[in-house]
Amino acid sequence: MSTRRSLKTLKNNENPSANKNTQITHSVCVNTITENLEKNLTSIKKILPAEDILTYSFETADNTACAIVYADGMVNKQLLGDLIARPLSKLDLRPENQQKTKNEGGRVASNSKKSDKNNSLSLQYLIEKIEKTALFPELKQKTKLQDIVKEILDGNSLLLVDGAPVGFIVGAKFIPVRAVIEPPTDVAIKGPREGFIEDIKTNMALLRKRLKTPDLRFDSVKIGKRSDTLVSVCYLSGTCDETVKEEVKKKLQDIQIDCIPDSSYIATLLAPRKHSIFQNFGTTEKPDILAAKLSEGRIGILVDGSPIVLTAPFLLTENLQSSEDYFVSPFMATIFRLLRFISVLIAVFLPAFYVSAQLFKMQLLPLGLTLTIASSVRELPLSPSLEMFLVLLLLEVLKEASIRMPKYVGMSLSVVGALVLGETAVSAGFLSTPAIIIVAFSGICLYTIPNFVETGSILRWLFLLIAGSVGPFGIVLLAAFFLYYMITSDAFGAPILAPFSPLVTHDLRDTVIKSGIRELSQRPQLMRSKNKTRLRLSYDGEKTSDPKQDQTPEN
Amino acid sequence: MKTALSTPLPRNERVHGRQIAFAAAFLLPISKFLEVPSLLAQYAAGDLLVPALLHFLLQSLVLAALLYAATRSETPLIERLHNALGKWTIAVYIFFGIYFLYAAVIPLLDLDKFVYAAFFDTEPTFFSFGLFFLLSAFICTKGLKAVGRSADLCLFLFVIPFLALIVMSLWETDFSHLLPLFGTKFGDTMSAFTYTTPQFSDAVLLLPLISCSSVDKKDAKKIMTGYWIGALCVLTFLAVFFGTYSSLAPREHYAFAKIAQYFPALAVVGRIDLIFIYLLTVVLLFYTCLPLQYATDLFARTLKTNRRTWIAAALSLLGFLFFLFANHFYNSLYAFIAGIPLIFWLIADLIPLLCLLLPANDKKNKPSSSPNSSNANVPFKRKKENDYA
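Residues numbered from 1 in each chain as written. Chains lettered and ligands numbered in written order. Predicted model: local features only at pLDDT ≥ 70, side-chain atom pairs only at ≥ 80, totals over all residues.

> Explain the overall build of chain A here, please?
Assigned secondary structure in chain A consists of 18 helices and 12 strands. A total of 555 residues make up chain A; the buried ones form 37% of that total. Taking the contacts inside chain A whose residues are at least 6 apart along the sequence as the reference set, 64% of them involve residues at least 24 apart. (Helix = DSSP H or I, 4+ residues; strand = E, 2+ residues; numbered from the N terminus. Buried ≥ 20, exposed ≤ 12 C-beta atoms within 10 Å, placed from the backbone. Contact = placed C-beta atoms within 7 Å.)

> Just checking my understanding: could you explain the overall build of chain B for this structure?
Helix and strand counts for chain B come out as 18 helices and zero strands. Expressed as a percentage of the 389 residues in chain B, the buried residues total 51%. Long-range pairs, those at least 24 residues apart, make up 89% of the contacts in chain B between residues at least 6 apart in sequence.

> Teacher, can you tell me more about the sheet that holds strand E5 (residues 167-170) of chain A here?
In sheet architecture, strand pairing relies on hydrogen bonds along the backbone and comes in two forms, parallel and antiparallel. Residues and elements named next belong to chain A. The five strands lie next to each other as E1-E2-E4-E5-E3, forming an open sheet whose pairing is antiparallel. This sheet does not close on itself; its edge strands, each paired only once, are strand E1 (53-59) and strand E3 (139-142). Averaged over neighbouring strand pairs, the angle between their axes works out to 25° when direction is ignored. One ladder, built from seven bridges, connects E1 with strand E2 (residues 65-71); its direction is antiparallel. The residue of E2 that forms the bridge with Leu54 is Tyr70. Lying on the sheet, helix H3 (residues 37-47) is in contact with E1, E2 and strand E4 (157-161); it crosses E2 at an angle near 15°. Docked against the sheet, helix H4 (residues 77-89) engages E1, E2, E4 and E5, running at close to 165° with respect to E2. (Pairing = 2+ DSSP bridges. Axes fitted to C-alpha atoms, helices over the stretch in contact; angles between N-to-C directions.)

> What is the right way to look at the packing of helix H17 (residues 453-470) of chain A against helix H18 (residues 472-487) of chain A in this model?
Each pair of packed helices gets described by two things: the angle between the helix axes and the distance between those axes. Residues and elements named next belong to chain A. Between H17 and H18, the shortest axis-to-axis distance is 6 Å and the interhelical angle comes to 140°. Considering the angle they form, H17 stands oblique to H18. For the pair H17 and H18, the sense of crossing is right-handed. Seen from H17, the contacting residues are Leu462, Phe463, Ile466, Ala467, Ser469 and Val470; seen from H18, they are Phe473, Gly474, Ile475 and Leu478. Here the residues of the contact of H17 with H18 sort into eight nonpolar, two polar and no charged. (Parallel < 35°, antiparallel > 145°, perpendicular 65-115°, else oblique. Left-handed = near helix turned anticlockwise from the far one by under 90°. Nonpolar A, V, L, I, M, F, W, Y, C, P; charged D, E, K, R; others polar.)

> Help me understand the packing of helix H5 (residues 89-103) of chain B against helix H15 (residues 273-302) of chain B in this model?
All names here are of chain B. At a minimum axis separation of 8 Å, H5 and H15 run at an interaxial angle of 155°. Judged on the interaxial angle alone, H15 and H5 are roughly antiparallel. Along this stretch, H5 crosses H15, giving a crossing that reads as left-handed. Listed contacts from H15 to Ile90, Tyr93, Ile94, Phe96, Gly97, Phe100, Leu101 and Ala103 of H5 are Pro291, Tyr294, Ala295, Leu298, Phe299, Arg301 and Thr302. Split into classes, the residues belonging to the contact of H5 with H15 amount to 12 nonpolar, two polar and one charged.

> Is there a simple way to think about the sheet that holds strand E10 (residues 309-312) of chain A in this case?
Residue and element names in this part refer to chain A. Taken in spatial order, the five strands of this open sheet run E6-E7-E9-E10-E8, and their pairing is antiparallel. With one partner strand each, in any of the chains shown, strand E6 (216-223) and strand E8 (282-284) form the two edges of the open sheet. On average, each strand axis in the sheet is inclined to that of its neighbour by 25°, with strand direction left out of account. Lying over the sheet, helix H9 (residues 242-253) contacts E6, strand E7 (229-236), strand E9 (299-303) and E10, oriented at roughly 175° with respect to E7.

> What exactly am I supposed to notice about the interface of chain A and chain B here?
With 29 residues of chain A in contact, the opposing surface of chain B contributes 32 residues. By residue number, the principal contributor to the side of chain A that touches chain B is H18 of chain A, which donates 11 residues. When grouped by side-chain class, the residues that make up the side of chain A that touches chain B number 21 nonpolar, six polar and two charged.

> How should the pairing of E10 of chain A be read in this particular structure?
On a regular strand, each side chain points to the face opposite its neighbour's, so the side chains alternate between the two faces of the sheet. Residue and element names in this part refer to chain A. Burial along E10 is two-sided: the face carrying Val309 and Thr311 and the face carrying Leu310 and Ala312 are both buried. Where E8 and E10 come together, three bridges link them in antiparallel fashion. Residue pairing in the sheet places Thr284 in a bridge with Val309 of E10. Across three bridges, E9 lies against E10 in antiparallel orientation. Its bridge partner lying in E10, Ile301 is registered against Leu310. The loop that links E9 with its antiparallel partner E10 comprises five residues; one of these, Gly305, has a positive phi angle of about 95°.

> Looking at this structure, how should I read the environment of Ser43 of chain A?
All names here are of chain A. You can see Ser43 is positioned in helix H3. Since 23 C-beta atoms lie within 10 Å of it, Ser43 is described here as buried. Sequence separation of Ser43 and Gly368 is 325 residues, and the distance between their C-alpha atoms is 83 Å.

> I would appreciate a short explanation of the environment of Arg518 of chain A in the present structure.
For Arg518 of chain A, the location among the structural elements is in the segment after strand E12 (494-495). Arg518 of chain A sits 18 residues away from Arg536 of chain A along the chain, and the two C-alpha atoms are 8.6 Å apart.

> Where do I start with the environment of His82 of chain B in this structure?
All names here are of chain B. Positionally, His82 belongs in helix H4 (residues 77-85). A tally of 22 C-beta atoms within 10 Å means that His82 is categorised as buried. Distance in space between the C-alpha atoms of His82 and Tyr102 is 24 Å, their sequence separation being 20 residues.

> Just checking my understanding: could you explain the pairing of E2 of chain A for this structure?
Residues and elements named next belong to chain A. Counting buried positions along E2 yields five of seven residues, so the element is predominantly enclosed. Linkage of E1 to E2, two consecutive antiparallel strands, is achieved through a turn of five residues, within which Asn63 is found at a positive phi near 65°. Direction of pairing for E2 relative to E4: antiparallel, over a ladder of four bridges. Bridge pairing in E4 links Ala67 to Leu160.

> Got a minute to help me understand the confidence of the model for chain B in this structure?
Parts of the prediction with low pLDDT should not have their coordinates interpreted in detail. A residue-level look at chain B finds 89% of positions with pLDDT of 70 or above and a mean pLDDT of 86. In the predicted structure, residues 1-11 of chain B sits below a pLDDT of 50 and forms 35 contacts with residues beyond four places in sequence or in another chain. (pLDDT = per-residue confidence, 0-100.)

> Would you mind showing me how to read unusual backbone geometry here?
Leaving glycine aside, a negative phi is the common case for residues, and trans is the common case for peptide bonds. In the segment running from Ala312 of chain A into Pro313 of chain A, the intervening peptide bond is cis, with an omega of -5°. With respect to the helices, strands and loops of the structure, Pro313 of chain A is situated in the loop between E10 and helix H12 (330-359). Note the cis peptide between Ala498 of chain A and Pro499 of chain A, where omega equals 5°. For Pro499 of chain A, the position within the fold is in the segment after E12. Despite not being glycine, Ala45 of chain B has its phi angle at roughly 50°, a positive value. Looking at the element boundaries, Ala45 of chain B is found in the loop between helix H2 (36-44) and helix H3 (49-71). Given 21 C-beta atoms within a 10 Å radius, Ala45 of chain B is considered buried. Unlike most non-glycine residues, Phe182 of chain B shows phi in positive territory, near 55°.

Encoded structure:
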């Protein structure tokens, strides 16, 4: 609260027509760094009264007072001590010749111009001396208090020297970050295993490592009045669709929010379809996937504090793709994708069809299975839809609990959930075995596409509800509704169901069926990239593209 | 307010030639799989392909005329109509809006009975079908561009299930039942032709799509080919249908839902053919909404608004209420509409030919007059690159 008040005061100070009260404050809290160290420290402490903002005071060899202001836990103290405090404490900032010049200047020079010149010379000497002593790669000067406060809060340190009307920002940031490990949501048996972490700079470096081209650009903006979160739009210049990039950047600049804890906030705030249950953005935790998507002509949005990077435009078929598909043979990749596609259909529709088969259309099941089910459900007290509803609810509760529960309790949860609840519910005659098998199978199938779990889960509930009330016709009606919704939903210039609708035959090569790398020599047409070619093989004599089509020299 | 008349063709309503061709090939044939085969078999018996073929020839002529009219100029038909008639275009909109509502009745009746035959073992409540009108209300809020995209989707939703069903049906099909050719009296064949006119008069269903697009000769060829692919699908189905049911065919209403059930493997795995039928039902739902969608679009143009939601809701509610009443008079209503084929011949086949009279006032590179279009100064010309509509 007080920080905000102080910042407000600072803002008011910039206004020449500030009121009397503000002017009083001005005497204590200035908006630029002065030559007086004590005054500067008071001003900073006024703006940053928090306990974790520490000040380390020391003196140089000639007893000039110095201070380092930093946020505790965010700086490398050893580095500050070794490269800043120790060398400066041995430094004599006022050598005799300078002292002499100054003294002579004070005695002899009667005109103010000469005095000013000497003063500026002295100041320049002081700054140069400090910069030479502190051999720090990231050292910059700041005079505005507002900027300095931002730097301190960002994890940098402020070096103040008595007599110097500038603050030296020392980039000794050392924010605790976790190691670059394989992301749990996107595990690959073959292929790179690095994953993004919460630190945006590390994520940028991971991406830069894979795309060593000057075309890789990061356009950053800070969002969040309180969090001041760095959000960076990354793209390959000349490859991405400029319209999409500009649309995203414009929308980002329009965001006025207190805090951005995760990239999902950005996804929600930028979403063109606000109430859609389908994704508006692709997400990835792996730099190799992001690099591939940028190469296709997409743009990425990195958010500081989030390991999940957003990509746009997003197509639903992206969910079928896995990084591993590109490291195995196209035949295997096609089989995997078909498997995922069928699995997701089973996950969404199987419980619904099971219920509607029991209630409305027994012919959907083979006769033998019908008899088995009939014998299982004969003495059940619940209707098929209510039974399925309960089993599905049980699955969702178990899933939710197993994510939140500590690891050690997780084992007992599995025992209680799977054995006690499942087994005894069947023995007691509350639930039937087929219902449990169907829900378990559906649950497993849904996890073949991790990015579709949330949407798939909602769809499964909706289809179950309509199947219990209207039967298979309800399922078909709802499916038609969602299909029509998807074909008319465009996000960032791309329809979600493309390349199936609208049909883009060229882009069908990397959907359910995965073509070989030679067939994917052109970038997806849906991405509207100016630079169309991404592969040209001259050694096998195949002409893969018309070079005239490419507007940039680098392909 | 955004005016429809001042913006005869917003740029975002453009439909691709390919999409019209797909609509002709994969969206229109579905209506002929329901009651049509038994009706044709009832009058024409083994010659049921003849009246169907006559219908297709007639409709091809209408379609060819429409395409000729459209290809005469780069300016879309609807803009030319607007230029020719001015304020009186509203009359055309209202006339065709009402016609499309009328034309929607038979597909709705067909869908209703088909749903009860294919989806339920027992008689469901009326409200089970009533939910369809919620879907239609939603679909009607979408413009013609959505029709184009749904046609694209129908390529996948139609081709795979149709082929699967035909392959499964061939198991019990004996094509010799179709012999001798021309064994039925000419009068009976013509009766079959007459009574199935409502279902076959569908060239007019492509008119709104054609009139909103800048159709060139290449597109025209595609559309005509698409129409004949659809026709071929229907003729194949009719042949398989009569080959399977033979003399029982006239009594096999909505046989489409059960034609593949004799496939031997189904005894082991269950009625997996129903999965294909359900997929085709999605296409059928899109088709049934099509006239309502056109009517909504035309009424929106008449009322000079781009907000279709209320019109879509009103038309769907009207449809629901009508059905609440018509459900009890299904046979009479069906017979009444099918008994006056003249309306279809006149409105669906003859009146659209007046498009040929529209002057080909080709104003090449003329800037669009659309004030609400994002590309107001872009000429209405088909963008070749990255134009996937």
